[in-house]
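# Summary of the model geometry
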Amino acid sequence: MDENIFFRNATLEICSSLEIEKALWKCLWFMQEGIPVAQMSLHLYDAATGIAETIAHATLDDYRVISSKVLLIEQTRRQIEMQRTIRVRMVSDTADDPVTEPLCRYLGCLERSALIMDLVIEGKFLGVLSFQSFPDEQFNESHRQMVSLLNEPFAIAVSNSIRYRQLKHLKDMLEDDNQYFQKELQLNRGEVIGAEFGLKNTMEYVRQVSPTDSPVLLLGETGVGKELIATAIHNLSHRREGPFIAVNCGAIPESLMDSELFGHEKGAFTGAIAQKRGRFERANGGTLFLDEIGELNPDAQVKLLRVLQEKILERLGGTESIKLDIRVIAATHRDLDDMMAKDLFRQDLYFRLKVFPIVIPPLRYRLADIPSLVHHFIQKKSTQMKLHFMPRLAPDAMEHLMQYSWPGNIRELENTVERALILSHGAPLNFRELVFANAPEKRPSTPEIEMPKIIEDDFHSLDNVMVEHIKAALYKSGGKVEGKGAAADLLNINPRTLRHRMRKLGVPFGRSAQDLYIKKED
Ligand SMILES: Nc1ncnc2c1ncn2[C@@H]1O[C@H](COP(=O)(O)OP(=O)(O)OP(=O)(O)O)[C@@H](O)[C@H]1O
């Protein structure tokens, strides 16, 4: 066969598929017209470990991917190094050669003649391509020279297909990881405690809005469960199989905001060494949760508004328009109305986000949820902490927890349970010190009472104070108990109750005592 035709066609065949086993098979069919080749196999070699791995094998009938590893003995490794000056070596019997013997034994092609082609790319030795003859035929020098012509294109094709396999493997692993983490996230974020009690109304709204694609604005103090509710909306929507991507707008530095949200092309700015998809693009087909939306700077607000209006974005430094299919849920603990009035938040963006606002009540307004939340967190945390026992509560523990105002809401309760578990060493959980040691605040519903200025050694009993106070009222009214401006009126109590109390405390009153309460002129 003409050398040029042989070279051209064999090269076309080896490059015809990125699946190297298939490319070998096609090559084999072409080459056996000119040389007596019955099988081809590809072996990678790792000089650091001395392991040879057979990764592909083709006969005229079949081709397959395999993974068979052999640890080569020292003598064989040395031989491989020594033979590196010859690119295609002829072996008259595969059973007698230290390199081909272990490889061909596995493939069932001992006692054949073989051509062994070293594959070197950019000075790096990748491994060998082995051509085995039919059992009753032998390769000769002219066959070796023909095959030598193919060394360079074969090395390039094999190197490309190895890279392709590595990338495919990485992609499969990433997809697998992604599925795993999505499941984990859904498991961890699944259960909304109090859905039938303190959050009943909230969950009713959630159920109503979930099937739609309308934007939702979640409002509530820090730690009330805004992200949890956002996940619940996602999980109840038709987007549940798509991604749920959360962005904490307050945690992204201003200089990185554009690239984080919208992505960038390679070279878009110093340090953009590769193309990167932004959070919007990652959320395509699913839900984008914009947490702490009130922290967005004015510049980012404009860009966000544009993307929400047009449903199209361009990566930084890019020209391609990317169509978006996302549902946006935003959340904040800040008063957006007030921010708008102070020109800190754009009105147009506010109204676009606030299509369906849901207010999540703070924990202090749903104290009845505390017992089930505490049990939920005890179970969750003791599983995470791998405790071998189920912690119990001290008899008055729940009462202590219910007396506290929980300014940090559910997150604070969750952390309190975790801290108690760490400190308890198996004893019943008693939150007394934890709650009060860390909680200088009083429940906000309790009005603030100014501490009276009491001098320690001048401390009166409550009865004494009452006596003095009633007498003061009687002095003021000239001894009159009932009527406008009289003592009962001044003290704002029923005159009958006042009389009863004065009798009990021994405060003189009535006509006989009237003089006592009239100021005498000296
Ligand atoms: N109803 C609930 N049932 C069970 N766990 C809850 C509930 N609400 C909140 N949590 C848990 O409390 C923690 C805080 O909730 P989340 O992060 O959703 O609050 P947030 O309002 O988004 O907080 P922030 O304002 O700080 O962003 C999370 O671990 C969450 O799983």
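Located above this text is the structure these notes cover.
Keep in mind the model is a prediction, meaning the values are calculated, not measured.

Rules behind the numbers
- Residues numbered from 1 in each chain as written.
- Predicted model: local features only at pLDDT ≥ 70, side-chain atom pairs only at ≥ 80, totals over all residues.
- Heavy atoms only, no water.
- Near = heavy atom within 4 Å.
- Polar contact = N/O pair within 3.5 Å; in protein donor to acceptor, adjacent residues only side chain to side chain.
- Helix = DSSP H or I, 4+ residues; strand = E, 2+ residues; numbered from the N terminus.
- Nonpolar A, V, L, I, M, F, W, Y, C, P; charged D, E, K, R; others polar.
- Pairing = 2+ DSSP bridges.
- Axes fitted to C-alpha atoms, helices over the stretch in contact; angles between N-to-C directions.
- Contact = heavy atoms within 4.5 Å.
- Salt bridge = Lys/Arg side-chain N within 4 Å of Asp/Glu carboxyl O.
- Buried < 20%, exposed > 50% of the residue type's maximum accessible area, 1.4 Å probe, protein only.

Further remarks concern the site of the ligand. Taken together, 19 residues surround the ligand, and among them Ile193, Lys226, Glu227, Arg411 and Glu414 come closest. A distance of 3.0 Å separates an oxygen atom of the ligand from a polar backbone atom of leucine 228. For the ligand, an oxygen atom lies 2.9 Å from a polar atom in the side chain of arginine 411. Where the shell around the ligand is concerned, the elements lending two or more residues are α8 (226-235), α14 (370-384) and α16 (409-424). Partitioning the shell around the ligand into residue classes produces eight nonpolar, four polar and seven charged.

Next up on the list: the sheet that holds strand β1 (residues 37-46). Pairing is antiparallel in the open sheet, where six strands are placed in the order β3-β2-β1-β6-β5-β4. Strands at the two margins of the open sheet, each flanked by one partner only, are β3 (63-71) and β4 (88-91). Averaged over all neighbouring strand pairs, the angle between strand axes comes to 20 degrees, with direction disregarded. The pairing of β4 with strand β5 (residues 114-121) spans four bridges and is antiparallel. Within the sheet, the bridge partner assigned to valine 88 lies in β5 and is methionine 117. Each of β4, β5 and β6 (124-133) is contacted by helix α5 (residues 141-148), which is oriented at about 150 degrees to β4, the strand it contacts most.

Tallied over the entire structure, the rule returns 22 salt bridges. Across the pair arginine 346 and aspartate 348 runs a salt bridge whose closest N-O atoms are separated by 2.8 Å. According to the relative accessible area criterion, arginine 346 is partly exposed, its value standing at 32%. Bridged by salt links that share partners, the residues Glu265, Glu281, Arg315 and Glu320 form one connected network.

Let us now look at the environment of alanine 195. Its place among the elements puts alanine 195 in the loop between α6 (151-189) and α7 (200-209). Exposure remark for alanine 195: the relative accessible area of 15% places this residue in the buried category. Here the alpha-carbon distance between alanine 195 and valine 120, two residues 75 residues apart in the chain, equals 65 Å.

Pairing within the open sheet is parallel, and its five strands lie in the order β8-β9-β12-β7-β13. Two strands in the sheet have a free side with no partner beyond their single neighbour: β8 (244-248) and β13 (356-359). Between one strand axis and the next, the sheet turns by 20 degrees as a mean value, whatever way the strands run. Relative to strand β12 (residues 327-332), strand β7 (residues 216-219) is paired through four bridges, and the arrangement is parallel. Bridged to valine 216 within β12 is isoleucine 329.

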